[in-house]
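# Architecture at a glance
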Amino acid sequence: MNQFTTIFLAALATSLLLRLWLAWRQLSHVGKHREQVPESFASRIPLEDHRKAADYTRVNTRIGMLALVWDSLLLVGWTLGGGLDWLDSVWRGTGYSAVPTGTAVILSAMVIMTLLDLPFSIYHTFVVEERFGFNRSRPSLFITDLLKQGLLLAVIGGPLVALALWIMQASGTLWWLYVWAVWMTFTLVMFWAWPAVIAPLFNKFSPLDDANLKQRIQALMDKCGFRSKGIFVMDGSRRSGHGNAYFTGFGKNKRIVFFDTLLESLEPAEIEAVLAHELGHFRLKHIQKRLLSTMALSLAALAILGWLARQDWFYHGLGVTQPSAWMALLLFMMVLPVFTFILQPLLSLLSRKHEFEADAYAVAQSSGSDLAHALVKMYRENASTLTPDPLYSAWHDSHPPAPVRIERIYATMQT
Ligand SMILES: [Zn+2]
């Protein structure tokens, strides 16, 4: 066996076992705490809701474990099983030149991957979400969403992949630097255009029209020095009962988005506190920091790919007989997560650090107790568990567990 094949299989087995073990820990930890609401939440979360959150978390974790095994099998099928090699030979058979052939291979592989994962998303939306009362999506909407995504892939992804392949072919050994520049330009343009151009294809965004609330929000934004076209309400209730708020875009397109489902359940003071948290992400430059680290990481990744693409063992070790620019890209995209999974706790840690900072900002600018009340409501209504396994949470969670987060908010208020 090729030495790289051995390394790949060992890394895949290690990451799979580690993830299954973490998920198993989560299952048993949440199960063990199912009958007891944590003390600090006992007055606000009924036992029935706590049980629902535990059951919901456990079902999702189990499906996640199944999906993990399925995706690992698929990855082996695509690579060592000869899937990619077969797809490559089909498109090579058409006799087109390199760039169109490579673009077709990459796009069709992405479409097939989506279709192979479809049973999981269908089951999640129409069985699990339905059972727990979150699903508001009809099959027709689900299918329209898929078609729109496919269209976006063709219209935006197609030219981008073709451009990358052309650069790889035409610009010598430093191609990865140029591809990186193109990729970063694309990321910035998308980041800027997303709220105004892409997101409205899937949801309706309307300016917040509650005059009372609007005034309150404007006052807070002035105080925090945030200028933007404002606050938008998204019709999240079209697809699901889950509620959320987020900050997106930059420049003139930056905006704060509230799900209509969240607005329904929060009091004006609580909405203000959640907004202050989102403004914290903006004031503390979390978006820019995240963007910069993404840029640095992609540069490192592409530099590695620049070297890997010239190594025959990289292709042969992963079941591809004929090296090409597009195979290098595809293999890299598919196999990289197996090796970078180990970095996940670090990324989660940084993300949780930003959440604590944004919470502290909200405490200073608005009200800590309103923020805490809003969070409790959000946890309850989203059926998020209050008792995740500490190790699982440290590895995966971008947000701190509710008890830790709320305790920290009250501690910040005392100082
Ligand atoms: Zn946040």
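What comes next is a walk through the structure. Bear in mind that the values here come from a model prediction, so they are computed numbers and not experimental data. Each chain carries its own residue numbering, running from 1 in the written order of its sequence. Side-chain atom pairs in this predicted model are given and counted only at pLDDT of 80 or more, local residue features only at pLDDT of at least 70, and totals for whole chains, interfaces and linings cover all residues. Hydrogens are left out, water is left out, and the side-chain values use all remaining heavy atoms of the structure.

### So, the coordination of the zinc ion
Tetrahedral coordination by four donors places them ideally at 109.5 degrees to one another around the metal; octahedral coordination by six donors ideally gives 90 or 180 degrees. Surrounding the zinc ion are the protein donor atoms His-277 (NE2), His-281 (NE2) and Glu-355 (OE), which sit 2.1 Å from the metal. Sequence spacing of the donors to the zinc ion: H-x3-H-x73-E. Taken together, the residues His-277 and His-281, both in helix 9 (residues 268-283) and four residues apart, mark about one turn of the helix. Exposed residues in this analysis have more than 50% of their type's maximum accessible area, buried residues have under 20%, and partly exposed residues fall in between, with area computed by a 1.4 Å probe over protein chains only. Look at His-277 and you get buried, because its relative accessible area is 5%. Only nitrogen, oxygen and sulfur atoms qualify as donors, and only when within 2.8 Å of the metal (3.2 Å in the case of Na, K and Ca); with water excluded, sites may look incomplete. Only DSSP runs of H or I reaching four residues or more are called helices, and only runs of E reaching two or more are called strands; each is numbered from the N terminus.

### Remarks on the sheet that holds strand 4 (residues 255-259)
Strand pairing requires that DSSP identify at least two bridges connecting the strands. Strand order across the open sheet formed by four strands is 1-2-4-3, with mixed pairing between neighbours. Among the strands making up the open sheet, the edge pair consists of strand 1 (205-207) and strand 3 (245-248). For this sheet the average axis-to-axis angle between neighbouring strands, irrespective of direction, equals 30 degrees. With axes taken as lines fitted to C-alpha atoms, and helix axes fitted only over the stretch in contact, angles between N-to-C directions fall between 0 and 180 degrees.

### Examining the packing of helix 4 (residues 98-131) against helix 5 (residues 139-170)
It is the contact of helix 4 with helix 5, at a shortest axis distance of 9 Å, that shows an interaxial angle of 150 degrees. One way to sum up the angle between helix 4 and helix 5 is to call them roughly antiparallel. As for the relative orientation of helix 4 and helix 5, their crossing is right-handed in sense. When residues are grouped by polarity, Ala, Val, Leu, Ile, Met, Phe, Trp, Tyr, Cys and Pro land in nonpolar, Asp, Glu, Lys and Arg in charged, and all others, Gly among them, in polar. Here the residues of the contact of helix 4 with helix 5 are counted per class, giving 17 nonpolar, eight polar and no charged. In this scheme, roughly parallel covers angles under 35 degrees and roughly antiparallel covers those over 145, while 65 to 115 is roughly perpendicular and the rest are oblique. Each crossing gets its handedness from the near helix: less than a right angle anticlockwise from the far helix is left-handed, clockwise is right-handed.

### Quick look at the environment of Leu-153
Relative to the elements of secondary structure, Leu-153 occurs in helix 5. Judged by relative accessible area, Leu-153 falls into the partly exposed class, the value being 24%. In sequence terms Leu-153 and Met-110 are 43 residues apart; their C-alpha atoms lie 9.0 Å from each other. Two residues form a contact once any of their heavy atoms are found within 4.5 Å. Sequence-distant contacts of Leu-153, defined by excluding residues within four places in its chain, comprise Leu-107, Met-110, Val-111 and Gly-158.

### Observations concerning the pattern of salt bridges
What counts as a salt bridge is simple: a side-chain nitrogen of Lys or Arg found within 4 Å of a carboxyl oxygen of Asp or Glu. Applying the stated rule across the entire model yields twelve salt bridges. A salt bridge links Glu-35 to Arg-51, with the nearest nitrogen and oxygen atoms 2.7 Å apart. Taken together, the positions of Glu-35 in the loop between helix 1 (3-32) and helix 2 (47-78) and Arg-51 in helix 2 put the pair 16 residues apart, joining distant regions of the chain. Glu-35 gets classed as partly exposed once you look at its relative accessible area, which sits at 45%. Ionic pairing is found between Asp-88 and Arg-92, a salt bridge with its closest N-O pair at 2.9 Å. On the criterion of helical spacing, the pair formed by Asp-88 and Arg-92 is a turn pair, its members being four residues apart in helix 3 (residues 83-92). Arg-92 gets classed as partly exposed once you look at its relative accessible area, which sits at 29%. One network of salt bridges, with partners in common, ties together Arg-34, Glu-35, Arg-51 and Asp-55.

### A few points about the packing of aromatic side chains
Ring pairs are drawn from Phe, Tyr and Trp, using the six-membered ring of Trp, whenever the two centres fall within 6.5 Å, and their geometry is named by plane angle: stacked under 30 degrees, edge-to-face over 60, tilted for the rest. Under the definition given, this model contains 13 aromatic pairs. Taken together through their ring pairs, the aromatic side chains of Phe-4, Trp-307, Trp-313, Phe-314 and Tyr-315 make up a single cluster. Over a ring means this: the NZ of a Lys or the CZ of an Arg is within 6 Å of the ring centre and within 35 degrees of the ring normal. One residue, Lys-52, lies across the ring of Phe-134, its end atom 4.8 Å from the ring centre. The side chain of Lys-254 reaches across the aromatic face of Phe-226, ending 5.3 Å from its centre.

### Remarks on the pairing of strand 4
Burial runs high along strand 4: five of the five residues are buried. Both faces of strand 4 are covered, namely the face carrying Arg-255, Val-257 and Phe-259 and the face carrying Ile-256 and Phe-258. Where strand 2 (residues 231-234) lies against strand 4, four bridges are found, and the strand directions are parallel. By the bridge assignment for strand 4, Met-234 is matched with Phe-259. Connecting strand 3 to the next strand, strand 4, in antiparallel fashion are six residues, including Gly-249 with a positive phi near 75 degrees.

### Side note on the packing of helix 1 against helix 12 (residues 325-340)
For the pair helix 1 and helix 12, the least separation of the axes is 8 Å and the interaxial angle reads 60 degrees. The angle between the axes of helix 1 and helix 12 places the two elements in the oblique class. For the element pair helix 1 and helix 12, the recorded crossing hand is left-handed. On helix 12, the residues that touch Ile-7, Phe-8, Ala-11, Leu-12 and Ser-15 of helix 1 are Val-335, Val-338 and Phe-339. Among the residues making up the contact of helix 1 with helix 12, the classes are represented as seven nonpolar, one polar and no charged.

### Remarks on a nonpolar patch on the surface
Here, patches come from residues exposed beyond 30% relative accessible area and free of salt bridges, joined within 9 Å for like charges and within 5 Å for nonpolar side chains (Val, Leu, Ile, Met, Phe, Trp, Tyr). Using a 1.4 Å probe, the Shrake-Rupley method yields the accessible areas, and only the shown protein chains count as cover for residues. A surface patch of nonpolar side chains, about 490 Å² in accessible area, is lined by Leu-297, Leu-346, Leu-347, Leu-349 and Leu-350. Sorting elements by how many residues they give to the nonpolar patch places helix 13 (residues 344-365) first, with four residues. Structurally, Leu-297 can be placed in helix 10 (residues 286-308).

### Some points on the side chain of Ser-298
Residue placement: Ser-298 occurs in helix 10. Take Ser-298: its relative accessible area is 12%, and that puts it in the buried class. Dropping the residues within four chain positions of it, Ser-298 is found in contact with Trp-180, Trp-183 and Met-184.

### As for helix 14 (residues 368-381)
To estimate how far a helix should reach, multiply one less than its number of residues by 1.5 Å. For helix 14, built from 14 residues, the straight-helix expectation of 20 Å at 1.5 Å per residue is met to within 8% by its first-to-last C-alpha distance of 20 Å. Residues of helix 14 that are buried include every one of Gly-368, Asp-370, Leu-371, Ala-372, Ala-374, Leu-375, Val-376, Lys-377, Met-378 and Tyr-379, and no others. Those residues of helix 14 that are buried lie in contact with helix 8 (260-265), helix 9, helix 13 and helix 16 (402-414). Among the residues of helix 14, the N-terminal cap falls to Ser-367, whose side-chain oxygen and the backbone nitrogen of Ser-369 are separated by 3.4 Å. The positive-phi residue at the C-terminal boundary of helix 14 is Ala-383, with phi of around 55 degrees. Whenever two N or O atoms come within 3.5 Å, that pair is a polar contact, provided that in protein one can donate a hydrogen and the other can accept it, and provided that, for residues adjacent in sequence, both atoms are side-chain atoms.

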